Amino acid sequence: MADGSFAVLMLIAGLTDMTFNHCGTETGCLGKTEATPRLSLALGEVMERNAIEEDEIYFRYDLGHKRGPFGNAFGVSVSENGATWVGFGTTYKVDLGNTPIYTELHSMPGLYFDNGGFDLGGPIAFRSGIEIGYEAPSGWRMALSYDHRSNAGIYEDNPGIELMQFRISMPTR
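Residues numbered from 1 in each chain as written. Predicted model: local features only at pLDDT ≥ 70, side-chain atom pairs only at ≥ 80, totals over all residues. Heavy atoms only, no water.

K.L.:
It is not clear to me how the packing of aromatic side chains should be interpreted in this structure. Could you clarify?
P.N.:
For the coordinates displayed, the defined rule picks out four aromatic pairs. Where Tyr58 meets Trp85, the ring centres are 6.2 Å apart and the plane angle is 65 degrees; that geometry is what we call edge-to-face. Placement of the pair is Tyr58 in strand 3 (residues 54-67) and Trp85 in strand 5 (residues 84-95), with a sequence separation of 27 residues. With relative accessibility at 0%, the residue Tyr58 sits in the buried group. Positioned above the aromatic ring of Tyr58 is the side chain of Arg127, whose terminal nitrogen or guanidinium carbon lies 3.9 Å from the ring centre. (Phe/Tyr/Trp six-rings, centres within 6.5 Å; stacked < 30°, edge-to-face > 60°. Helix = DSSP H or I, 4+ residues; strand = E, 2+ residues; numbered from the N terminus. Buried < 20%, exposed > 50% of the residue type's maximum accessible area, 1.4 Å probe, protein only. Lys NZ or Arg CZ within 6 Å of the ring centre and 35° of its normal.)

K.L.:
Any chance you could explain unusual backbone geometry here in plain terms?
P.N.:
Glycine aside, the phi torsion of most residues is negative, and most peptide linkages are trans. Despite not being glycine, Asn115 has its phi angle at roughly 50 degrees, a positive value. By secondary structure assignment, the location of Asn115 is in the loop between strand 6 (101-113) and strand 7 (124-135).

K.L.:
So what exactly am I meant to see when it comes to helix 1 (residues 5-21) here?
P.N.:
Because the α-helix completes a turn every 3.6 residues, residues three or four places apart line up on one side. Across its 17 residues, helix 1 extends 24 Å between first and last C-alpha, which sits within 8% of the 24 Å expected from 1.5 Å per residue. Turning to helix 1, its buried residues number three or more, namely Phe6, Met10, Gly14, Asp17 and Met18. Looking straight down helix 1, one finds its buried side chains confined to an arc of 100 degrees; they lie on one side. Relative to its buried face, helix 1 has exposed residues pointing more than 90 degrees away, namely Ile12 and Phe20. Next to the buried residues of helix 1 lie strand 4 (70-79), strand 5, strand 6, strand 7 and strand 8 (141-150). (Expected span 1.5 Å × (residues − 1). Arc of directions from axis to C-beta. Contact = heavy atoms within 4.5 Å.)

K.L.:
Where do I start with the side chain of Ser79 in this structure?
P.N.:
Mapping Ser79 onto the fold places it in strand 4. Accessibility expressed as a relative area gives 7% for Ser79, which makes it buried. Side-chain polar atoms of Ser79 contact the side chain of Glu54, separated by 3.2 Å. When neighbours within four sequence positions are excluded, Ser79 is seen to be in contact with Glu54, Asp55 and Glu56. (Polar contact = N/O pair within 3.5 Å; in protein donor to acceptor, adjacent residues only side chain to side chain.)

K.L.:
Which parts of the structure should I look at to understand the environment of Val94?
P.N.:
Looking at the secondary structure, you find Val94 in strand 5. As a C-alpha pair, Val94 and Leu105 span 11 residues in sequence and 8.6 Å in three-dimensional space. Not counting chain neighbours up to four residues away, the residues in contact with Val94 comprise Tyr102 and Thr103.

K.L.:
What should I look at first to understand the pattern of salt bridges in this one?
P.N.:
Where charged atoms from two side chains of opposite charge approach closely, those side chains can pair. One pass over the full model with this rule turns up 12 salt bridges. Glu104 is the salt-bridge partner of Arg141, the closest N and O atoms lying 3.7 Å from each other. Here Arg141, found in strand 8, pairs with Glu104, found in strand 6; they are 37 residues apart in sequence, far enough to count as distant. Arg141 gets classed as buried once you look at its relative accessible area, which sits at 8%. Ionic contacts of the salt-bridge type, sharing partners, join the residues Arg38, Arg60, Asp62, Lys93, Asp95, Glu104, Glu135 and Arg141 into one network. (Salt bridge = Lys/Arg side-chain N within 4 Å of Asp/Glu carboxyl O.)

K.L.:
Looking at this model, I keep getting lost on the environment of Ala35. Mind explaining?
P.N.:
By the element assignment, Ala35 lies in the loop between strand 1 (32-34) and strand 2 (38-47). Relative accessible area serves as the criterion here: at 19%, Ala35 is assigned to the buried category. Between the C-alpha atoms of Ala35 and Leu63, which are 28 residues apart in sequence, the distance is 7.5 Å. If near-sequence neighbours (up to four positions away) are discounted, Ala35 is found in contact with Leu63, Gly64, His65, Lys66 and Arg173.

K.L.:
Where do I start with the nonpolar core in this structure?
P.N.:
What tends to happen in soluble globular proteins is that the nonpolar side chains get buried as a cluster. Trp85, Tyr112, Leu120 and Ile161 are the most contacted members of the largest nonpolar core, which has 13 residues in total. Secondary-structure elements contributing two or more residues to this core are strand 2, strand 6 and strand 9 (161-171). Contact partners of Tyr112, with chain neighbours within four places excluded, come to Ala83, Thr84, Trp85, Phe118, Leu120, Gly122, Pro123, Ala125 and Arg149. Formed by six residues, the second largest nonpolar core is a distinct cluster that contains Phe6, Met10, Phe70 and Tyr92. (Core = buried A, V, L, I, M, F, W, Y, C linked by side-chain atoms within 4.5 Å.)

Shown next, in the form of structure tokens:
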């Protein structure tokens, strides 16, 4: 079972990358640079933990810029039982050498509405995870994604859920 480990891993890897590859450059440590904006659709399933297994659809839009090595994204997901999550956060992508294989970590705080579905303990929920995929020369991506969502212990009850998803994303320009 996951917890906030992906968020911590993203922070450590991203800050290390920023220190060695961005600080001291013309744009600086968190300088704004262009990135490919993209729209993603992921279909997956909430895996059994304390939650009932159910399908979920997840849309994400990655903005067309980065700050140092970090990107930003908006996301919204809806489960088959109506549970809804909406959030905004940070992404960090690492290419595997000169291959089309990549991995991306993300951490996104947001609002969660159980709508009679699984109760995450309160309305503030954090989504973090890892995506491993293939990026075609056209910029389209296909990936497997593993996400963890919980309230990070800010409420008395913190059950958390995990999701496995298949994600397709396309550049929007």
